[in-house]
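# Descriptive analysis of the structure
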Amino acid sequence: GLVLKIERSASVPYPTNIGFYGNTVYSSQSSQFIVINQAVNPADWGDVDPGDVLVTSRNNLAYAPSASGISTMWDDIYSGGTLTSSNNTSDSQLRLTSPNFTTTPPTTIAQCKPTSGYAVAGGVGVAGLYRDILGVATPTTPVIGAVED
């Protein structure tokens, strides 16, 4: 599975400032699982300096307990962009540590709420983000993921 793929199309400019904040992802698939994939060959950069591609990833929660092969939060197969990342699920937590959702596997957004463990109050405040996906006010130290406790 793949959640976010950063790629250049021939008809659009390459994105240079990408923010990925407060998301929750669950997968029951037994294949590889990658949350963010930068898949552009440096030979295709054209007029964009690879160092100008900035990706910021904070407070993202991912759980794929059956994943195999490459399972990672960030896969920069060609390198070149700059990732600023903090307070996300680690690569080992992705497969091995349950975030203790209200219900596993979650079938609604509300069931993606972590009830205990590393995700509860494990986030960091992000300027401009004041509410979770359900409209609940985000505290100074938010959860990791899309649903506040």
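Conventions and cut-offs
Counting of residues starts from 1 at the beginning of each chain's written sequence and follows it residue by residue. With pLDDT at 70 or above as the cut-off, local features in this predicted model cover only qualifying residues; side-chain atom pairs require 80 or more to be listed or tallied, and sums for whole chains, interfaces and linings still use all residues. Calculated side-chain values reflect all of the structure's heavy atoms, with hydrogen atoms and water omitted. For every residue, the predictor states its confidence as a pLDDT score lying anywhere from 0 to 100. A run of H or I in DSSP counts as a helix once it spans at least four residues, and a run of E counts as a strand once it spans at least two, with each numbered from the N terminus. For two strands to be treated as a pair, DSSP must find no fewer than two bridges joining them. The axes used here are C-alpha line fits, helices contributing only the stretch in contact, and every angle between their N-to-C directions lies in the interval 0 to 180 degrees. Residues grouped as a nonpolar core are buried Ala, Val, Leu, Ile, Met, Phe, Trp, Tyr and Cys residues, joined through side-chain atoms within 4.5 Å. Accessibility here uses a 1.4 Å probe with only protein chains present; expressed as a share of the type maximum, an area under 20% marks a residue as buried, one over 50% as exposed, and anything in between as partly exposed. Throughout, a residue-residue contact means that at least one pair of heavy atoms, one from each residue, lies within 4.5 Å. Nonpolar side chains (Val, Leu, Ile, Met, Phe, Trp, Tyr) are joined into patches within 5 Å and like charges within 9 Å, using only residues with over 30% relative accessible area and no salt bridge. Calculation of accessible area relied on Shrake-Rupley with a 1.4 Å probe; when residues are assessed, cover is drawn exclusively from the protein chains displayed. For salt bridges, the criterion is a side-chain nitrogen of Lys or Arg within 4 Å of an Asp or Glu carboxyl oxygen.

Another point: the confidence of the model for the protein. Predicted confidence across the protein gives a mean pLDDT of 85, with 85% of residues reaching 70 or more. The secondary structure element of the protein with the lowest average pLDDT is strand S7 (residues 71-76), at 78, and the one with the highest is strand S6 (residues 61-63), at 95.

Here three strands make up an open sheet; going across it, the order is S2-S5-S8 and the pairing parallel. The strands lining the two open edges of the sheet, one partner per strand, are strand S2 (17-21) and strand S8 (82-86). Taken pair by pair, the neighbouring strands of this sheet meet at an average axis angle of 10 degrees, ignoring direction. Pairing of strand S5 (residues 54-58) with S8 involves five bridges; the strand directions are parallel. Following the sheet pairing, Arg 58 is matched in S8 by Ser 86.

Core analysis: the biggest nonpolar cluster contains 15 residues, and Ile 6, Phe 33, Val 35, Ile 36, Ala 62, Met 73 and Leu 94 have the highest contact counts within it. Put simply, the parts of the chain that give this core at least two residues each are S2 and strand S4 (33-38). Take this core: its biggest share by element is three residues, from S4. Not counting the four nearest positions on each side in its chain, Ala 62 is found in contact with Val 25, Phe 33, Val 35, Met 73, Thr 89, Leu 94 and Tyr 118. If you look at the next biggest cluster of nonpolar residues, it comprises nine residues, including Tyr 63, Ala 119, Ala 146 and Val 147.

On the surface, a cluster of nonpolar side chains totalling about 340 Å² of accessible area is made up of Ile 109, Ile 133, Leu 134 and Val 136. If you trace the backbone, Ile 109 turns up in the segment after helix H1 (91-96). What makes Ile 109 partly exposed here is its relative accessible area of 43%.

Here we take up the environment of Val 124. Of note, Val 124 is situated in the segment after H1. Distance from Val 124 to Ile 144, taken between C-alpha atoms, is 8.1 Å for residues 20 residues apart in sequence. Beyond its immediate stretch of four places on either side in the chain, Val 124 contacts Arg 58, Asn 59, Ser 86, Asn 87 and Pro 142.

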